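Structural features, examined
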Amino acid sequence: MNRFVQIGTILIASFVIGVAVNQINPHGIPLRLLCMSLSFGSHQKDYVETSVDSTLLLFFQGSGLFIDIRSEQDYNIDHIKGAVSIPFFELFRHPENFPKIDSTSTLIVYDYHLNSNRAFLSARFLANRGFKNVTVMRGGFIEWLDKGYPVERHKR
Amino acid sequence: MARQGISSREAQKVKNRLIKWTYLLLRIGFGSLLIYASIYKIGSPFEFAEAVENYRIFGTDLSLWTAVFIPYLEAIIGFALLSGLWSETVVLLNAVLMFLFLILVIQAYIRGLDIRCGCFFAEGESRIGLLKIFENVLFVVLSISLIKLNKIVKHS
Amino acid sequence: MEGTVITDTIRFINTTSKEVIISYIRTSCGCSVADIDKNRIAPLDTAEIRVTIDTRGFRGTHRKDVKVAFADRNIGVKKFVYQFTTYRPMEHQPKYFYLKNIRVNPDTTITLVLRIINNQKKSLKIFNLHTNNKMVRVLPTEMEIKPERSKLLTINFTPVEKGLKIIYIWIETDIKTMQKIAVPFYTQIGE
């Protein structure tokens, strides 16, 4: 078989098997997420970014649901008071488990790190599912923690 | 005269045997290495995607695609090397992979990125440092040797 | 202080009747190292993991974790999280103010106190203390704090405007890495 055909076969097989196995694997990267990352989309963002300080204002207003996309383990150590744990890959693997709330509710997505592409991807995903007020907290949980803002700790 | 002829033929036989065994050793070595390297990445694709993201060349999106594709490419090349299937093509792909990994590691080192290599996800997995670069250079050199040995073995 | 090397020992005791094998130990970054004395633990034997974290280059709060995976799936992976906050040359307490359930009343002044702590081994100069909203005033507007000492600032708050606001108390210092600091002052003022 021609060299290029062989190379093409190996590359295509790797790709197809990779996507298939990931779809089957409960810890895999679902196709849904891969497709989302492909949508270059419009230049208009479907979500808003806020600083940690501005997010604290939302927290004090009591408006909005904080969504913690870190691992459940990290969430159990501590999290923003009142936040709900929906780990990043869980959001994409089982979107049906997302809390049943009104699509006009304010959602505030946060991750651990300063600049989280995961938080942006999650926000985009939620916006695509019809949520109209999605916010990403830039700075992440680490900045919230560093500023001494209200957290809930795991009860041992 | 006859004695000299025999010894040069014998020397040639030894040389051929050496080439054949070195070739086999390198093929099995690389094959096993690639399969071993792919195992954890296949089991924990999100972690691998994060490791790829840490190289700060790809964003989250491309890192996810890389995590879906590369481990399976490694596994297929690994199995092909072990079985001897499409050897000419596979040794070339192997060398290309080793070269790409070397480039990634060098650029991470130059940019001073303090990250794990993400190559093997094994115990005592090393940081990006000169030793890691040396390791990758060695792999590139050996993979190029494998291409040359493959040519000799196929033509003999 | 930044640059301190944190060390810790995690001790495992095998309380089962079988040998326990540690398959791998992974740290979350290159700044932390975890070494183990042995990865096969006989029944009733112990193994120790020595964790070292170099805090050089870290400012503020950070978390690093050490994951220990066991060959026995029933034990699985154990994660140890180390959280540390490196002292900054200057800190303030509280980290922010939050006043709620306040009514608009231009004739009232609420007085609060902000403590500025100098963690350095030399004097700290603070100047140009100001806010971005006339509802909050700070006194004094400049001061000098002796090494490893603290001083109090008086914050006077007059609720004049309704609503939920963030007001910043700006502090300028002679510390190169902290030349301008903002202390958030959140207020929720009703009618």
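Refer to the structure printed above.
A short tour of the structure in this document, coming up. (Residues numbered from 1 in each chain as written. Chains lettered and ligands numbered in written order. Predicted model: local features only at pLDDT ≥ 70, side-chain atom pairs only at ≥ 80, totals over all residues. Heavy atoms only, no water.)

1. Examining the overall build of chain B
The following threshold applies: Labels follow the DSSP assignment, with helices taken as runs of H or I lasting at least four residues and strands as runs of E lasting at least two, numbered in each case from the N terminus. Here a residue-residue contact requires only that any non-hydrogen atoms of the pair lie within 4.5 Å. In short, Shrake-Rupley with a 1.4 Å probe defines the accessible areas, and a residue's cover is counted only from the protein chains shown.
Per the secondary structure count, chain B includes 5 helices and 0 strands. Counting from the amino terminus, helix and strand elements in chain B follow one another as α-α-α-α-α. Within chain B, residue pairs in contact and separated by at least 24 positions form 69% of the contacts whose partners lie at least 6 positions apart. Carbon together with sulfur atoms contributes 69% to the accessible area of chain B, which is approximately 8,400 Å² in total.

2. Some thoughts on the pattern of salt bridges
Going by this rule: For this analysis, a salt bridge means a side-chain nitrogen from Lys or Arg found within 4 Å of a carboxyl oxygen belonging to Asp or Glu.
Here the structure, examined in full by the defined rule, presents 14 salt bridges over all chains. Of the charged contacts, one joins R138 of chain A and E49 of chain A as a salt bridge, the two residues approaching to 2.3 Å between their closest N and O atoms. With a gap of 89 residues between them, R138 of chain A in the loop between β6 (133-137) and α7 (140-146) and E49 of chain A in strand β1 (residues 48-50) connect regions that are remote in the sequence. With its nearest N and O atoms 2.9 Å apart, the salt bridge here joins K41 of chain B to E74 of chain B. Taken together, the residues K41 of chain B in helix α1 (residues 2-43) and E74 of chain B in helix α3 (residues 60-83) connect sequence positions 33 residues apart.

3. Focus: the sheet that holds strand β2 (residues 20-27) of chain C
Residues and elements named next belong to chain C. The following threshold applies: Strands are labelled as partners when DSSP assigns at least two bridges between them.
Read from one edge of the open sheet, 4 strands run β4-β2-β6-β7, paired in antiparallel fashion. One side of each edge strand has no neighbouring strand; the edge strands of this open sheet are β4 (40-41) and β7 (77-86). Note: β2 against strand β6 (residues 60-70), 5 bridges, orientation antiparallel. In the strand pairing of β6, Y24 is matched with A69.

4. Quick word on the interface of chain A and chain B
Accessible area lost upon the coming together of the parts is a frequently used measure of interface size. To keep things clear, this is the line we draw: Note on terms: buried area is the combined drop in 1.4 Å-probe accessible area of two parts once they are placed together, counting the loss on both. Between N or O atoms, a polar contact is any pair within 3.5 Å; within protein, one atom must be a potential hydrogen donor and the other a potential acceptor, and residues adjacent in sequence are included only when both atoms are from side chains. Polar here means any residue outside two lists: the nonpolar Ala, Val, Leu, Ile, Met, Phe, Trp, Tyr, Cys and Pro, and the charged Asp, Glu, Lys and Arg; Gly therefore counts as polar.
Across the contact, 30 residues belong to chain A and 24 residues belong to chain B. Taken together, both faces of the contact between chain A and chain B bury some 2,500 Å²; the carbon and sulfur share is 72%. Linking chain A to chain B there are 1 salt bridge. With a closest N to O distance of 3.0 Å, R3 of chain A and E88 of chain B form a salt bridge. The tally of links from chain A across to chain B stands at 3 residue pairs in polar contact (both at pLDDT 80 or more). Of all the elements in the fold, those that place two or more residues in the side of chain A that touches chain B are α1 (3-24), α2 (31-38), α5 (88-93) and α6 (117-128) of chain A. Examining the composition of the side of chain A that touches chain B, we find that 14 residues originate from one element, α1 of chain A, more than from any other. When its residues are assigned to classes, the side of chain A that touches chain B shows 17 nonpolar, 10 polar and 3 charged.

5. What to know about the packing of aromatic side chains
Note the following rule: Aromatic pairs are defined between Phe, Tyr and Trp rings, using the six-membered ring for Trp, whenever the two ring centres lie within 6.5 Å; interplanar angles under 30 degrees are classed as stacked, those over 60 as edge-to-face, and all others as tilted. Burial classes: relative accessible area under 20% of the type maximum marks a residue as buried, over 50% as exposed, and values in between as partly exposed (1.4 Å probe, protein chains only). Should the NZ of a Lys or the CZ of an Arg lie within 6 Å of a ring centre and within 35 degrees of the ring normal, that charge is described as sitting over the ring.
Within the structure shown, the criterion is met by 21 aromatic pairs over all chains. Arranged with centres 5.9 Å apart and planes meeting at 65°, the rings of F59 of chain A and F60 of chain A form a pair that is edge-to-face. Comparing F59 of chain A with F60 of chain A, the two get one shared label, buried. Centroid distance Y96 of chain C to Y186 of chain C: 6.1 Å. Interplanar angle 85°. Geometry classified as edge-to-face. Taken together, the positions of Y96 of chain C in the loop between β8 (90-93) and β9 (97-103) and Y186 of chain C in strand β16 (residues 180-190) put the pair 90 residues apart, joining distant regions of the chain. As far as burial versus exposure is concerned, Y96 of chain C and Y186 of chain C are alike and both buried. Through a chain of ring-to-ring contacts, three or more aromatic side chains come together here, namely F59, F60, F66, W144 and Y149 of chain A together with Y96, Y98 and Y186 of chain C. Of note, K180 of chain C hangs over the ring of W170 of chain C, and the distance from its end group to the ring centre comes to 5.2 Å.

6. A look at the nonpolar core
To keep it simple, the criterion reads: We call a set of buried Ala, Val, Leu, Ile, Met, Phe, Trp, Tyr and Cys residues a nonpolar core when their side-chain atoms join them within 4.5 Å. Each domain span listed reflects an automatic or database assignment of domains.
Formed by 60 residues in total, the largest nonpolar core has its most connected members in L126 and V134 of chain A together with I77 of chain B. Top contributing element to this core by residue count: α3 of chain B, with 9 residues. Of the residues that make up this core, three or more belong to each of domain 1 (2-38) and domain 2 (48-153) of chain A. Each residue touching I77 of chain B, except ones within four places of it in the same chain, is listed here: I10 of chain A together with L34, V90, L93, N94 and L97 of chain B. Of all hydrophobic cores here, the second largest spans 27 residues; its members include I116, I145, I171 and V183 of chain C.

7. Topic: the environment of L31 of chain A
All names here are of chain A. In this fold, L31 is placed in helix α2. Along the backbone, L31 and A20 are 11 residues apart, and their C-alpha atoms lie at a distance of 8.6 Å. Sequence-distant contacts of L31, defined by excluding residues within four places in its chain, comprise V19 and Q23.

8. Description of a nonpolar patch on the surface
Condition: Patches here: salt-bridge-free residues with over 30% relative accessible area, like charges joined within 9 Å, nonpolar side chains (Val, Leu, Ile, Met, Phe, Trp, Tyr) joined within 5 Å.
On the surface, I106, Y109, I110 and L130 of chain B cluster together to form a nonpolar patch covering roughly 400 Å² of accessible area. Of the residues forming the nonpolar patch, the biggest block, 3 residues, is contributed by helix α4 (residues 87-110) of chain B.

9. Some remarks on helix α3 (residues 52-61) of chain A
An α-helix turns once every 3.6 residues. As a result, residues three or four positions apart point the same way. Of all 10 residues in α3 of chain A, 8 are buried; the element is thus mostly enclosed. Downstream of α3 of chain A by one or two residues, G62 of chain A has phi in the positive range, about 75°.

10. So, the packing of helix α2 (residues 45-53) of chain B against α3 of chain B
In helix packing, the relevant descriptors are the interaxial angle and the interaxial distance, both defined with respect to the helix axes. All names here are of chain B. Stated formally: Comment: axis = line fitted to C-alpha atoms, over the contacting stretch for helices; angle = value between 0 and 180 degrees taken between N-to-C directions. Oblique is the label for any angle not under 35 degrees, not over 145, and not in the 65 to 115 range, which are roughly parallel, roughly antiparallel and roughly perpendicular in turn. In this scheme the crossing of two helices becomes right-handed for a clockwise turn of the near helix relative to the far one and left-handed for an anticlockwise turn of less than a right angle.
Relative orientation of the contacting elements α2 and α3 amounts to 125°, with a least axis distance of 8 Å. With respect to α3, the axis of α2 lies oblique. Regarding α2 and α3, the two cross each other, and that crossing is right-handed. Facing α2, whose interface residues are P45, F46, F48, A49, V52 and E53, α3 presents T60, S63, L64, T66, A67, I70 and P71. Per-class residue counts for the contact of α2 with α3 are 9 nonpolar, 3 polar and 1 charged.

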